[in-house]
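Single-letter residue listing:
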Amino acid sequence: MMFDTSFLEPAALTFTLVADTHAMLAPENGRAEFASRLRQSRRAETAMAMAAALRADLDFHLGDLVQAFPESPGFSDAVTDACRAVERAGFSPWVVPGNHDVGDKPDPTMPTEPVTPASLAHFHARFGPSWRCMESGAWRFVLLNSQILNTGLPEEAEQWDWLETALGSDRGRRLVVLLHLPPFLDSPAEAGLGHYDNIGEPARTRLLTLLQRSRPELVCAAHVHWRFFDRLGDGTGGPQYHTVPSTSFTRPGFSHAFCAGPPPEQGRDDAPKLGFLLGRAVGERLDVHLVRTAGTERLPAEVAAGRRQWLVTRTSAGLPASPLGVTLRHALCTRAEVPLAWPSVVRQPVRNDYPFLALLELGVRYVRTPASDLASPLQTRRLALLREEGVSVRAMSLLVATTPAFPTPGAPVDEWEFQIPGGSPTPANLAGIQAFRRATGLPIALSPIEPNDRVPGKQHHRTRLAYRPEELDALNELLAAAGVHVDRVVVGLPGPEELGATRATITALTAFSHIGALDLRTELAGCADPVNTDQAVLALFGSATPRGNRVYVEPLVDLDRTMDVSHGLLDPHCNPRPAFHALRCLNTLLFSRQEEYSPIFATSPGRPPGLRGTARTLELQFGRAEGPILREVPHSQAGAATEYLLCEGLRSAPETR
């Protein structure tokens, strides 16, 4: 067993989505255009073995099984070799055809030949029909051949007739649609001719119209070796639309979406982005989990031997009790254009959806973002999509006027935070807050803007954006005197050296009469990943006590062009740093179960912080090479202690007691 799925909710159906494995025969001279190309087959086989180990109800491969093209010499041998690797991995997928399997879309600018009757016949002989339905319980999976669209081949007309029936019949079933080529990347209106990565017209509009009418819950495509997320339709509430990552390599051009230099091999070997998807039907939800393979070519010895297991963690929708939040120092989403570069002959508009997807992977339940985002159509839509995934959105605005501006009706916001210059609200501020609450009904939070905070080693004073614990009594008295109640107040947490003492101070605070709960702001203020990881883990661990407090971590992405450089949870390419994985795992371990905790304060130097729950005691251990460890000791005498290596996402075999 490679995976520990015990912290996930029971699922009525599970399925894996693997794509773009690009297995290849070894070149005769032992050389390849890119060094990573020689690793593709091993990466693919290991990833398929991992997918098989999840023991899902259904497995799918969304195309591009091999690196060769149908017109390439030795193509049939390459497919045979790839099929043997699939068998060795113990993987039994239903295969959707990709351009490397049957041919490119019918565009005169494409680098390889379009689909032919011969290439289709070869695929059908190997894998069965290239369009079909699979049914399991209440679910219907519709598998499409995107490569024959717009070809005029008889098979295209046959597939359209079949698709009308497959999507329109048996309305009681829940639908998933799978295909290789994405209908679009950024917008349904984007160019098709000369664009290597989408379905051209008129088939795109016809397909999207059918999907809009049939309302599947999930549409998944592949081909781009990159993750994008959207919902189909003009507004929110439409089908989830994912692209599935590759197991083998990344497409170089899309790294233009990042404000950073190219990843390895000019963007072709951004290995942390490699992996596959796991779908799980949980009640009315359909959760989509990323399983990162990160270019692994062979299983770690301890995983292969069963001594350790990878922990599969919950996404935001599955963690309603989590107090984890993130402050969006960067915009949630940015757009870029991939330059004119092979294999496309048009510029390709693309979004950077990785910060969005990282929030869901972390299991974040709350975000704070500047209120100015609500004036941006792009940010407004992405924030609205984030709310659909179970994340609450708070807008932050500076309160200097007597009457604050009200949000537009229907804005994707759940709470409002007023930032008070100097930290102490004036009578005019308080009157404005009351008027805002009456007009909007939104919960209110307060934070200070104190621009004269002295920081050791800095020439200029810095701006403090959170109250100190010792300032809360005075703030509460001021609010009480004015008869104003606020729902939340932002309080700063220090670095890991002082975090334990500050946590004890906050835990000891009595309930405030006019402050509902605290938001504990944790700023990763440096470039030492081990220190940042310890700080983030301590902050989340301490927030498990049942007081309604939250912890907001920032920055999400590195700040590397500022007077105060700091690493975030993600690096400039939006790949996880150690603190990301540590928080992701700890969030699921602490908050996936209905359990009340009480803090265990250190009674002697060196004792690890702990939590006592109803069924188990948890201890954090630091100082080991693997990073922070969570040790779980069941209260039952028959139970066995288990260790979780948070940065590596691994569960160790239980210790006997």
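Whatever comes next refers back to the structure up there.
Just so it is clear, the model here is predicted, and its values are computed rather than measured. (Residues numbered from 1 in each chain as written. Predicted model: local features only at pLDDT ≥ 70, side-chain atom pairs only at ≥ 80, totals over all residues. Heavy atoms only, no water.)

Student: Looking at this structure, how should I read the side chain of Arg-308?
Tutor: With respect to the secondary-structure elements, Arg-308 resides in strand E13 (residues 308-311). A polar contact of 2.9 Å, which involves the side chain of Arg-308, links it to the side chain of Glu-302. Apart from the residues lying within four places of it in its own chain, the contact partners of Arg-308 are Met-1, Glu-302, Val-303, Glu-626, Leu-645, Leu-650, Arg-651 and Ser-652. (Helix = DSSP H or I, 4+ residues; strand = E, 2+ residues; numbered from the N terminus. Polar contact = N/O pair within 3.5 Å; in protein donor to acceptor, adjacent residues only side chain to side chain. Contact = heavy atoms within 4.5 Å.)

Student: Where do I start with the environment of Pro-609 in this structure?
Tutor: Tracing the sequence through the fold places Pro-609 in the loop between strand E25 (598-600) and strand E26 (610-612). Pro-609 sits 11 residues away from Leu-620 along the chain, and the two C-alpha atoms are 5.7 Å apart. Those residues in contact with Pro-609 that sit more than four places away from it in its chain are Leu-538, Phe-541, Ile-600, Leu-618, Glu-619, Leu-620 and Phe-622.

Student: Mind showing me how you'd approach the sheet that holds E13 here?
Tutor: Two strands in a sheet stick together by hydrogen bonds in their backbones, pointing the same way (parallel) or opposite ways (antiparallel). Pairing is mixed in the open sheet, where eight strands are placed in the order E1-E13-E30-E29-E28-E27-E26-E25. Here the strands that pair on one side only, and so sit at the sheet edges, are strand E1 (3-4) and E25. Set on the sheet, helix H13 (residues 529-542) makes contact with E26, strand E27 (616-621) and strand E28 (629-634); between it and E27 the angle comes to about 160 degrees. (Pairing = 2+ DSSP bridges. Axes fitted to C-alpha atoms, helices over the stretch in contact; angles between N-to-C directions.)

Student: Any chance you could explain the pattern of salt bridges here in plain terms?
Tutor: Working definition: two side chains of opposite charge can pair if their charged atoms are close together. In this structure the tally under the stated criterion is 54 salt bridges. The salt bridge partner of Arg-329 is Glu-523, with a shortest N-O separation of 3.5 Å. Of this pair, Arg-329 sits in the loop between strand E14 (324-327) and strand E15 (335-338) while Glu-523 sits in strand E23 (residues 515-523), and the two are 194 residues apart along the sequence. On the basis of relative accessibility, which here comes to 38%, the residue Arg-329 falls in the partly exposed class. Glu-523 sits in the partly exposed class, given a relative accessible area of 30%. (Salt bridge = Lys/Arg side-chain N within 4 Å of Asp/Glu carboxyl O. Buried < 20%, exposed > 50% of the residue type's maximum accessible area, 1.4 Å probe, protein only.)

Student: Would you mind going over the sheet that holds strand E7 (residues 174-178) with me for this structure?
Tutor: Reading across the sheet, the six strands line up as E5-E6-E7-E8-E10-E9 and stay open at both edges, with mixed pairing between neighbours. Among the strands making up the open sheet, the edge pair consists of strand E5 (132-136) and strand E9 (229-231). The sheet shows a mean angle of 20 degrees between the axes of neighbouring strands, direction not considered. Across three bridges, E7 lies against strand E8 (residues 218-221) in parallel orientation. By the bridge assignment for E8, Val-176 is matched with Leu-218. Across the sheet, helix H5 (residues 154-168) lies against E5, strand E6 (139-143) and E7, angled at about 165 degrees from E6, the strand it touches most.

Student: Quick question: what am I supposed to make of the state of the cysteines here?
Tutor: In protein chemistry, a disulfide is the covalent bond that joins the sulfur atoms of two cysteines. One pass over the structure, following the stated rule, counts zero disulfides. The cysteine Cys-574 is free of any disulfide, with Cys-259 supplying the nearest cysteine sulfur at 10 Å. Here Cys-574 falls in the buried class, since its relative accessible area comes to 5%. (Disulfide = S-S within 2.5 Å.)

Student: Explain the packing of aromatic side chains here, please?
Tutor: Aromatic rings considered in pairs are described by the distance between their centres and by the relative angle of their planes. Inspection of the entire model under this criterion finds 15 aromatic pairs. On the basis of an interplanar angle of 75 degrees and a centroid distance of 5.0 Å, the ring pair of Phe-15 and Phe-141 is categorised as edge-to-face. With a gap of 126 residues between them, Phe-15 in strand E2 (residues 13-18) and Phe-141 in strand E6 connect regions that are remote in the sequence. In terms of burial, Phe-15 and Phe-141 fall into one category: buried. In textbook terms, an aromatic cluster arises when at least three aromatic residues are bridged by ring pairs, as seen for Trp-226, Phe-228, Phe-254, Phe-258 and Tyr-354. The ring centre of Phe-249 lies 3.9 Å from the NZ or CZ of Arg-268, which sits over that ring. Its end group placed over the ring of Phe-356, Arg-382 keeps NZ or CZ at 5.0 Å from the ring centre. (Phe/Tyr/Trp six-rings, centres within 6.5 Å; stacked < 30°, edge-to-face > 60°. Lys NZ or Arg CZ within 6 Å of the ring centre and 35° of its normal.)

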